[in-house]
Amino acid sequence: MSDDGAKGNGEDARRPRRPETAAGRRARRRAAGDAVKQPAAVGAGKAGRGSSASAPAKRKGSPAPATKREDDGEKQSIFRRISRFLREVVAELRKVIWPTRKQMVTYTAVVLAFVAFMVALVWALDWVFAKAVFALFG
Amino acid sequence: MLSVIRSALATPDLRKKILFTLMIVVLYRVGAVTPAPGVSYEAVQACQPDQGEQGVFSLLNLFSGGALLQLSIFSTGIMPYITASIIVQLLTVVIPRFEELKKEGQAGQNKLTQYTRYLTIALAVLQATGVIALATRGGMFANCPQDVIPDSSVGSTALIVLTMTAGTAVMMWMGELITERGIGNGMSLLIFLNIAARIPIEGEIILSNQGGAVFAVVCVFVLAIISSVVFVEQGQRRIPVQYAKRMVGRRMYGGTSTYLPIKVNQAGVIPVIFASSLLYLPDLISRLVTPETETSWFKRVMAEYVTNQSNWVHIAIYFALIIFFTYFYISITFNVDDRAEDMKKYGGFIPGIRPGRPTAEYLHFVLNRITLPGSIYLGIVAILPNFFLDLTGEGNNQNFPFGGTAVLIMVGVALDTVKQIESQLMQRNYEGFLR
């Protein structure tokens, strides 16, 4: 029943540790993940209540649609707005899916083949037509 | 690869399109070498090697595929058409009537196309006159002993202008035919051909003038540009779109989640074409209005700052124009309101954003931000070679076909065209080139 993180501190072990609500369970699972990083800081039972408060704060960090933030953007100074714009550019750029190496090779080869074909075609045509025009006018 | 080409040719629909495009290509090259009436073919040929390529002619000659210095019936190139379409598209923002037409839908769009064509003819007359004036005054063929145009009477000149203008009209028609019934975008494909026509010649010049080492370096450089263009061209920001399930009759539709791809460089090569053709305009005008011997301040300023490719002012203007046209072109071609409306109509939405106006705003937000690196990248690729040409360039520092602009245009058009063939193949469930 008791997991490894809670075995160390005896006081917490006596409390009922299984959270009843789904939100509580989620928080506990997250706390268990945190406990790997900072094992001394929180016991599992404490974190069951403590991190339920910090969870919404964490969720706020993920990028929200910026349409709402745009409204108050008018009041800021120009430099603020430029720097925010640049930050948003970087954020969007992170979401870009770049081609893989295999795709790159294929596409480059195809482009090269196409260009080579067209250049050869035009060169041959020009050569023939130049001869023909020379025969006619030259 | 070969089997794919075979399957492309085996598809009757696609085969027709490819052969049609190739036929136009052949006809186009015929026009590019056929001398205009009243032009002494022998004199032009005799003067050809003396011509040092520089300044505005290099760009003009490049964009006309070498037809300009041949004084052929296609001498004016498609420049008038490009310029006219830039002007008309810019006017849709400025003039309310044009804006109305644009919003009207197909009928209004046809009207705008018609205006573009008229403007093209007018510009073609101007440019043809300019070309002939330059040729007779000796501005085009420096120290040429023979008269390029022996008969300089009004009637003869008018005939040449008429022929060249007609040539431009034919080219315009060819471009539209390719767009309509062939493969790829006609206008950019014709520019591609022009550049392709210059490549063997310019490559030979580099090889003979500067030796194999420089040639190899140039080749490596071109390869690097090609792969970087491909890299950015393929980069996509995928906006997730969720489709609602709905019942139509007894069947269930939708319920799938897809994405709306927004390319980092959504505008393609058009901004580069626009910016470079807009930059040559003032110089051309200054050459047309003042005689060759006279130097006005306008001409001097133009020659020093705008035409000179290694000048900082030129580079800065070019860069700024590219960024401007990237945003401008995207705002024309990618209508966020329409996209949002379509999505709403078919029961799609972006998770976390309401359909309708908020969706349009979000698309606008993403588009504006993702375009900035795209446009900067376009600008950098286009101007980088100017710095390198400074380093390596002696006499022929205007090796255009190997400069950024030309390579950008070529790669962009090649990618577009190949992808269009690919998508046509996919419609028939064949495996394409691009697995």
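Residues numbered from 1 in each chain as written. Chains lettered and ligands numbered in written order. Predicted model: local features only at pLDDT ≥ 70, side-chain atom pairs only at ≥ 80, totals over all residues. Heavy atoms only, no water.

Enquirer: Could you give an account of the overall build of chain B, with specific residues and numbers?
Expert: Helix and strand counts for chain B stand at 15 helices and 5 strands. For chain B, the proportion of its 435 residues judged to be buried stands at 51%. Sequence separation of 24 or more characterises 74% of the internal contacts of chain B that already satisfy a separation of 6 or more. Counting only carbon and sulfur atoms, one obtains 61% of the accessible surface of chain B, whose full area is about 19,700 Å². (Helix = DSSP H or I, 4+ residues; strand = E, 2+ residues; numbered from the N terminus. Buried < 20%, exposed > 50% of the residue type's maximum accessible area, 1.4 Å probe, protein only. Contact = heavy atoms within 4.5 Å. Areas by Shrake-Rupley, 256 points an atom, 1.4 Å probe, with all protein chains shown as cover.)

Enquirer: Summarise the overall build of chain A; cite the residues concerned and give the values.
Expert: From N to C terminus, chain A includes 7 helices and 1 strand. Element order for chain A, N to C, with α for helix and β for strand: α-α-α-α-α-α-β-α. Split into buried and exposed, the 138 residues of chain A put 23% on the buried side.

Enquirer: Please set out the interface of chain A and chain B residue by residue, giving values where relevant.
Expert: By a widely used convention, the size of an interface equals the accessible area lost when the partners come together. Across the boundary between the two partners, chain A contributes 39 residues, which contact 50 residues of chain B. Interface of chain A and chain B: buried area, both sides summed, is about 4,100 Å²; carbon and sulfur atoms make up 82% of it. Where chain A touches chain B, the interface holds 3 salt bridges. Arg 237 of chain B is the salt-bridge partner of Glu 92 of chain A, the closest N and O atoms lying 2.6 Å from each other. The set of elements that each furnish at least two residues to the side of chain A that touches chain B consists of α5 (67-71), α6 (78-94), β1 (96-97) and α7 (101-137) of chain A. Top element by residues in the side of chain A that touches chain B is α7 of chain A. It accounts for 23 residues. Here the side of chain A that touches chain B is built from residues that sort into 30 nonpolar, 4 polar and 5 charged. As defined by bridge partners, β1 of chain A adjoins strand β1 (residues 236-243) of chain B across 2 bridges and the pair is classed as antiparallel. Within the sheet, the bridge partner assigned to Ile 97 of chain A lies in β1 of chain B and is Gln 236 of chain B. (Buried area = accessible area lost by both parts, 1.4 Å probe. Salt bridge = Lys/Arg side-chain N within 4 Å of Asp/Glu carboxyl O. Nonpolar A, V, L, I, M, F, W, Y, C, P; charged D, E, K, R; others polar. Pairing = 2+ DSSP bridges.)

Enquirer: So, the side chain of Thr 116 of chain B: which residues are in play, and what are the values?
Expert: Summarising the element assignment, Thr 116 of chain B is placed in helix α7 (residues 106-137). Residues within four places of Thr 116 of chain B in sequence aside, it is in contact with Tyr 81, Ala 84, Ser 85 and Val 88 of chain B.

Enquirer: I'd love a proper account of the pattern of salt bridges, names of residues and values included.
Expert: Applying the stated rule across the entire model yields 8 salt bridges over all chains. The salt bridge partner of Glu 233 of chain B is Lys 263 of chain B, with a shortest N-O separation of 3.7 Å. Here Glu 233 of chain B, found in helix α9 (residues 186-234), pairs with Lys 263 of chain B, found in strand β4 (residues 257-263); they are 30 residues apart in sequence, far enough to count as distant. The structure contains a network of salt bridges with shared partners spanning Arg 84 and Glu 88 of chain A together with Arg 369 of chain B.

Enquirer: Describe the UniProt feature "transmembrane region" (unreviewed entry) in chain A, with residues and values.
Expert: Under the feature "transmembrane region" (unreviewed entry), the UniProt entry names residues 104-125 of chain A. When the span residues 104-125 of chain A is considered, its composition is 100% helix and 0% strand, and the gap between its end C-alpha atoms is 31 Å. (UniProt positions renumbered as here; feature names shortened; annotations may be inferred.)

Enquirer: Give me the lowdown on the packing of helix α5 (residues 79-94) of chain B against helix α6 (residues 96-103) of chain B, citing residues and values where you can.
Expert: Residue and element names in this part refer to chain B. One can describe the packing of α5 onto α6 by two numbers: an axis separation of 6 Å at closest approach and a directional angle of 105°. Between α5 and α6, the angle falls in the class roughly perpendicular. In this structure, α5 contributes Val 88, Leu 91, Thr 92, Val 93 and Val 94 to the contact, and α6 contributes Pro 96, Phe 98, Glu 99 and Lys 102. Among the residues making up the contact of α5 with α6, the classes are represented as 6 nonpolar, 1 polar and 2 charged. (Axes fitted to C-alpha atoms, helices over the stretch in contact; angles between N-to-C directions. Parallel < 35°, antiparallel > 145°, perpendicular 65-115°, else oblique.)

Enquirer: Can you lay out a nonpolar patch on the surface for me, pointing to particular residues and giving the numbers?
Expert: Taken together, the side chains of Ile 78, Phe 79, Ile 82 and Leu 86 of chain A define a hydrophobic patch exposed on the protein surface, amounting to about 430 Å² of accessible area. The residue Phe 79 of chain A is located in helix α6 in this model. (Patch = residues over 30% accessible without salt bridge, like charges linked within 9 Å, V, L, I, M, F, W, Y side chains within 5 Å.)

Enquirer: So what about the confidence of the model for chain A? Which residues, and what values?
Expert: Residues and elements named next belong to chain A. Considering every residue of chain A, the mean pLDDT works out to 66; 45% of them sit at 70 or more. Of all helices and strands in chain A, the one with the weakest mean pLDDT is helix α4 (residues 44-60) (43), whereas α6 scores best (89). Of the regions scoring below 50 in pLDDT, residues 1-13 engages in 10 contacts with residues more than four places distant in sequence or in other chains. Low confidence marks residues 35-71, where pLDDT is under 50. Its contacts with residues over four positions away, or in another chain, come to 27 contacts. (pLDDT = per-residue confidence, 0-100.)

Enquirer: Tell me what's going on with the packing of helix α2 (residues 12-33) of chain B against helix α8 (residues 154-181) of chain B, and back it up with residues and numbers.
Expert: Residue and element names in this part refer to chain B. Where α2 meets α8, the closest approach of the two axes is 10 Å, and the angle between their N-to-C directions is 170°. As the angle between them shows, α2 and α8 are arranged roughly antiparallel. Where α2 approaches α8, its residues Lys 17, Phe 20, Thr 21, Ile 24, Leu 27 and Tyr 28 are matched on the opposing element by Met 171, Met 174, Leu 177, Ile 178 and Arg 181. A breakdown of the residues in the contact of α2 with α8 according to their chemical character gives 8 nonpolar, 1 polar and 2 charged.

Enquirer: Report on the packing of aromatic side chains, specifying residues and quantitative values.
Expert: Residue and element names in this part refer to chain B. Taken as a whole and assessed by the stated rule, the structure comprises 10 aromatic pairs over all chains. Aromatic side chains Phe 274 and Phe 325 sit 5.4 Å apart centroid to centroid with 80° between the ring planes, which places their arrangement in the edge-to-face category. Of the two residues, Phe 274 is situated in helix α10 (residues 270-289) and Phe 325 in helix α12 (residues 312-333); the sequence distance between them amounts to 51 residues. Overall, Phe 274 belongs to the buried group, its relative accessible area being 3%. On the accessibility criterion, Phe 325 (1% relative accessible area) is buried. Ring-pair connections join several aromatic residues into one group, and the members of that group are Phe 274, Phe 324, Phe 325, Phe 328 and Tyr 329. (Phe/Tyr/Trp six-rings, centres within 6.5 Å; stacked < 30°, edge-to-face > 60°.)

Enquirer: I'd love a proper account of the environment of Pro 37 of chain B, names of residues and values included.
Expert: Residue and element names in this part refer to chain B. Positionally, Pro 37 belongs in the loop between α2 and α3 (41-47). Placed 35 residues apart in sequence, Pro 37 and Ser 72 show a C-alpha to C-alpha distance of 8.6 Å. Not counting the four nearest positions on each side in its chain, Pro 37 is found in contact with Leu 159, Ile 160 and Thr 163.

Enquirer: Give me a negative patch on the surface: which residues, what numbers.
Expert: Residue and element names in this part refer to chain B. On the surface, a cluster of negative charge is made up of Asp 337, Asp 338, Glu 341 and Asp 342. Mapped onto the elements, Asp 338 comes out in helix α13 (residues 336-345). Judged by relative accessible area, Asp 338 falls into the partly exposed class, the value being 45%. (Lys, Arg positive; Asp, Glu negative; His and termini not counted. Charge placed at Lys NZ, Arg CZ, Asp CG, Glu CD.)

Enquirer: So what about the environment of Pro 271 of chain B? Which residues, and what values?
Expert: Residues and elements named next belong to chain B. Mapped onto the elements of the fold, Pro 271 is located in helix α10. Spatially, the C-alpha atom of Pro 271 lies 5.5 Å from that of Ile 322, the residues being 51 residues apart in sequence. Pro 271 has contacts with Ile 322, Phe 325, Thr 326 and Leu 378, leaving out every residue within four places of it along the chain.

Enquirer: Residues and numbers for the pairing of β1 of chain B, please.
Expert: Two faces make up the sheet, and in a regular strand the side chains alternate between them. Residue and element names in this part refer to chain B. The pairing of β1 with β4 spans 7 bridges and is antiparallel. By the bridge assignment, Pro 240 is partnered in β4 with Tyr 259. In the sheet, β1 pairs with strand β5 (residues 348-349) via 2 bridges, with the strands oriented antiparallel. In the strand pairing of β5, Tyr 243 is matched with Gly 348.

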